[in-house]
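# Per-entry structural report
Single-letter residue listing:
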Amino acid sequence: MFEAVYATPIGTSTLSRMAATASDHGFSGIIAREQNMDSLNPDLQTISNEFEIKVFSGFEINEKNLSTLSGKINSNRNKTPLLCVRGGDAPTNLFISKQKNVDVLCHSLRNENNMSHVMAKEAAKNNVRLEVNLSDLLRGSGKNRIKSLHRLKKQWNIISAYNVPFVVSSNPTSHLELRSPRELMEVGRLIGMTPEDIETGLLEWGIILSKNIDNLSGIYANMGVKRGKYGDSN
Amino acid sequence: MVVSIESWPTANIDKRTFQHAIWTSTSRLFGDNGAATADLFLIRFEFSDGSGWGIIRTPRDALHMAKSSLACISQINEFPIGILIKGVSGTIKTCEEKYLSDLPTSIVSKELFFNNKLSSCFIRENSVDIKIDNDFIGATHLDVT
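Below is a summary of the structure that appears in this document. None of these values were measured; they are calculated from a predicted model.

### Section: the nonpolar core
One finds Leu15, Ile30, Val132 and Leu134 of chain A to be the most contacted residues of the largest nonpolar core, which totals 54 residues. Per-element tally for this core: the top contributor is helix 1 (residues 15-25) of chain A, with five residues. Filtering out sequence-adjacent residues up to four positions away, leucine 134 of chain A remains in contact with Val168, Ser169, Ser170, Leu184, Ile191 and Ile198 of chain A. Core analysis: the next-biggest nonpolar cluster, separate from the first, contains 23 residues, Met1, Leu42, Phe45 and Ile85 of chain B among them.

This is how it looks when you write it as structure tokens:
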């Protein structure tokens, strides 16, 4: 199971501290969501060996202008094994869910009524995973948490009704904000998710990574066409 | 139920404040009636230099409420809190034997280089908490020289 984290400079813990804590919490891997391609951590293998956990680096696009966003998605697709795009209002979410090159639509519940069945169907069609973001539930309070709880319940109803692929994350920006998979499974019950649903969502990060790492390695000549000798079934 | 608790080295948390945080988190999630059902009671508690543990009592039927309430404690006395449920057991003695064998070691304070700047660091095994102005950055021995 994987967790997608915000390490320094976005967060307040370095990637190695996140990896050490995630390893203690029982995660098999972590992904650093970077918002700047220049800040990618070059020592992923060292961290991975030191704390016995898989460590990857992904890219998160935060762009409001839809035409610029489209360009950024296409230009970054082949540079990273995980491409997340921050959602926002309903038109932005719908636009992102139509992009086949996007892996995850994250932070899609910023406003009311920005999760619709139309968007869910598009996301399912284009295999764009919706992020079930438990951060407000874990760290929010008062009115904001009540609203967030309502939106998450609505989001989960739509995801389960239309079989939309999804990922689960607690969006930690510090090692102190990390919660173990078992704890997330219990918190997931509050929005109607079973422990198996949470496990599926945490495992999905790993599935995305393995698929994209294969694609980036160049073993596929085209969609579904693997490079190799004629008659070589392997 | 045994929980390990982590925060920044300057965090000041005692048994009373942690018990209060548990009750507040439970009643916010499940209401006063739910908090009474979960009946979370802090039996033992140790915390110093930003690390500690606690043994919490709860009825078996309310375990799922207890786990989600504890996971939702994010701050105490304005200090961010990391919580990990180490395990659940029927008796206090078994809890201590099974889950309290690896107690946190003491903290060492040193001046080390982080991002080419000399900063005051609090070191516990591989973990290094770096004080920059009034904030902390969580790091490990790989990040400092």
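### Re the sheet that holds strand 3 (residues 51-57) of chain B
Pairing between the strands of a sheet is mediated by backbone hydrogen bonds and can be parallel or antiparallel. Residue and element names in this part refer to chain B. Judged by pairing direction, the sheet is antiparallel, and its four strands sit side by side in the order 2-3-1-6 without closing on themselves. Every other strand in the sheet has two partners, leaving strand 2 (41-48) and strand 6 (82-87) as the edge strands with one partner each. With direction set aside, neighbouring strand axes in the sheet form an average angle of 20 degrees. Of the pairings in the sheet, the one linking strand 1 (residues 2-6) to strand 3 comprises five bridges and is antiparallel in character. By the bridge assignment for strand 3, serine 4 is matched with tryptophan 53.

### Some thoughts on the packing of aromatic side chains
Residues and elements named next belong to chain B. In total, this model carries six aromatic pairs over all chains according to the counting rule given. Note on phenylalanine 18 and phenylalanine 45: the rings are 5.2 Å apart at their centroids and 25 degrees apart in plane angle, and the pair reads as stacked. You can see phenylalanine 18 sitting in helix 1 (residues 15-38) and its partner phenylalanine 45 sitting in strand 2, a full 27 residues away along the chain. Side by side, phenylalanine 18 and phenylalanine 45 carry an identical accessibility label, which is buried. Each residue in the set Trp8, Phe122 and Phe136 is aromatic and connected to the rest through ring pairs, giving one cluster.

What counts and how
- Residues numbered from 1 in each chain as written.
- Chains lettered and ligands numbered in written order.
- Predicted model: local features only at pLDDT ≥ 70, side-chain atom pairs only at ≥ 80, totals over all residues.
- Heavy atoms only, no water.
- Core = buried A, V, L, I, M, F, W, Y, C linked by side-chain atoms within 4.5 Å.
- Buried < 20%, exposed > 50% of the residue type's maximum accessible area, 1.4 Å probe, protein only.
- Helix = DSSP H or I, 4+ residues; strand = E, 2+ residues; numbered from the N terminus.
- Contact = heavy atoms within 4.5 Å.
- Pairing = 2+ DSSP bridges.
- Axes fitted to C-alpha atoms, helices over the stretch in contact; angles between N-to-C directions.
- Phe/Tyr/Trp six-rings, centres within 6.5 Å; stacked < 30°, edge-to-face > 60°.

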